[in-house]
Every structure is written in structure tokens, then in C-alpha cells.
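# Chain and residue survey
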Amino acid sequence: MTVKVELQKCYCDFKIGFFAGDAVAEVTMHAQVQRSDGTIAFAKVVAGEGKVRNVLLSSGTNAKTALDLALKDAVDKLFSDRTFLDALMVAGKG
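The structure reproduced in this document is the subject of the present report.

## Considerations on the overall build of the protein chain
Secondary structure assignment for the protein chain yields two helices and three strands. Secondary structure elements in the protein chain, listed N-terminal to C-terminal, are β-β-β-α-α. Taken over C-alpha atoms, the radius of gyration comes to 17 Å for the protein chain, far larger than the 12 Å a tight globule of 94 residues would show. Counting only C-alpha atoms and orienting by the principal axes, one finds that the protein chain spans roughly 55 × 20 × 15 Å. Per-residue burial for the protein chain yields a buried fraction of 30% across its 94 residues. Per element, the accessible surface of the protein chain, about 6,100 Å² overall, is 57% carbon and sulfur. Taking the average location of the 12 positive side-chain charges in the protein chain and that of its 11 negative ones, the two points are 2 Å from each other.

Below you can see the structure in the form of C-alpha cells.
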């Protein structure tokens, strides 16, 4: 069994507000579970979002925090997908 995850998008944008802005991040990845015989047991694109509100600086630290939240959201969505977990179990047996 092989599990492949390809990061397709990892992006943070700063939205400017009147006094403060928001760091808004998006992560998109393609996850795939491949059986030992080469057939695909699971394939799906998963997206996650993260936001840090009321930032005063468009800094790397604020972008990192938003991107960490977006990555966590995407991974949480992937591992809460029952078809992904079932594919891991089935592919692991073969």
C-alpha cells in the first residue's frame, strides 16, 4: 500500500480592514491510497481554510499561523472521511 499526498495550494492573503486586517489562508491537497497491486483505493482533493483575525502587520508570523490552521483543517477533514479510513484498512490488508 502507498499513500500519496500532493500539496496543490498553500496560500495566505492579507485582507485589509479599517483598523486591522485578517490573514486568510487556504491549503488544497490531493490524497490517494494505492493498493499493492497498483489499483487506486481512494482519491480525493481536500481543502482547508484558516484565518487569523485583527492582525496589525502583514507578517510571516501571521501568515504561518493562518497556514497552520488551514493545514490542520485539511488534515482533519481527510481523517474524518470514512471512505479514506476504509481505504486504508482495505489496502493495508492486501
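## A word on the state of the cysteines
For the structure shown, the criterion picks out zero disulfides. Of all cysteine sulfurs, the one in Cys 12 lies closest to Cys 10, which takes part in no disulfide; the gap is 9.0 Å. You can call Cys 10 partly exposed: its relative accessible area is 47%.

## Here we look at the nonpolar core
In this structure, Cys 12, Val 33, Phe 42, Ala 66 and Leu 78 are the most contacted members of the largest nonpolar core, which totals 19 residues. Sorting the residues of this core by element identifies β2 (21–34), β3 (40–55), α1 (60–79) and α2 (82–93) as the ones contributing at least two each. The biggest single contributor to this core is β2, with six residues. Setting aside its immediate chain neighbours within four residues, Ala 66 contacts Cys 12, Ala 23, Ala 25, Gly 50 and Val 52.

## Focus on the sheet that holds β2
Strand order in this open sheet of three strands is β1-β2-β3, and the pairing throughout is antiparallel. Every interior strand has two partners, whereas the edge strands, β1 (2–15) and β3, have only one. Going across the sheet, the axis of each strand differs from the next one's by a mean of 10 degrees, ignoring polarity. Inspection of the sheet shows β1 paired to β2 by 13 bridges, in the antiparallel sense. Counted as the bridge partner of Val 3 is Val 33 from β2. Relative to β3, α1 is tilted by about 145 degrees, and along the sheet it contacts β1, β2 and β3.

## What about the side chain of Asp 81?
Relative to the assigned elements, Asp 81 resides in the loop between α1 and α2. Discounting residues that sit within four places of it in the chain, Asp 81 has contacts with Phe 42 and Lys 44.

About the criteria used
- Residues numbered from 1 in each chain as written.
- Predicted model: local features only at pLDDT ≥ 70, side-chain atom pairs only at ≥ 80, totals over all residues.
- Heavy atoms only, no water.
- Helix = DSSP H or I, 4+ residues; strand = E, 2+ residues; numbered from the N terminus.
- Rg over C-alpha atoms; globule rule 2.2 N^0.38 Å.
- Buried < 20%, exposed > 50% of the residue type's maximum accessible area, 1.4 Å probe, protein only.
- Areas by Shrake-Rupley, 256 points an atom, 1.4 Å probe, with all protein chains shown as cover.
- Lys, Arg positive; Asp, Glu negative; His and termini not counted.
- Charge placed at Lys NZ, Arg CZ, Asp CG, Glu CD.
- Disulfide = S-S within 2.5 Å.
- Core = buried A, V, L, I, M, F, W, Y, C linked by side-chain atoms within 4.5 Å.
- Contact = heavy atoms within 4.5 Å.
- Pairing = 2+ DSSP bridges.
- Axes fitted to C-alpha atoms, helices over the stretch in contact; angles between N-to-C directions.

Any functional reading would require information that these geometric values do not contain.
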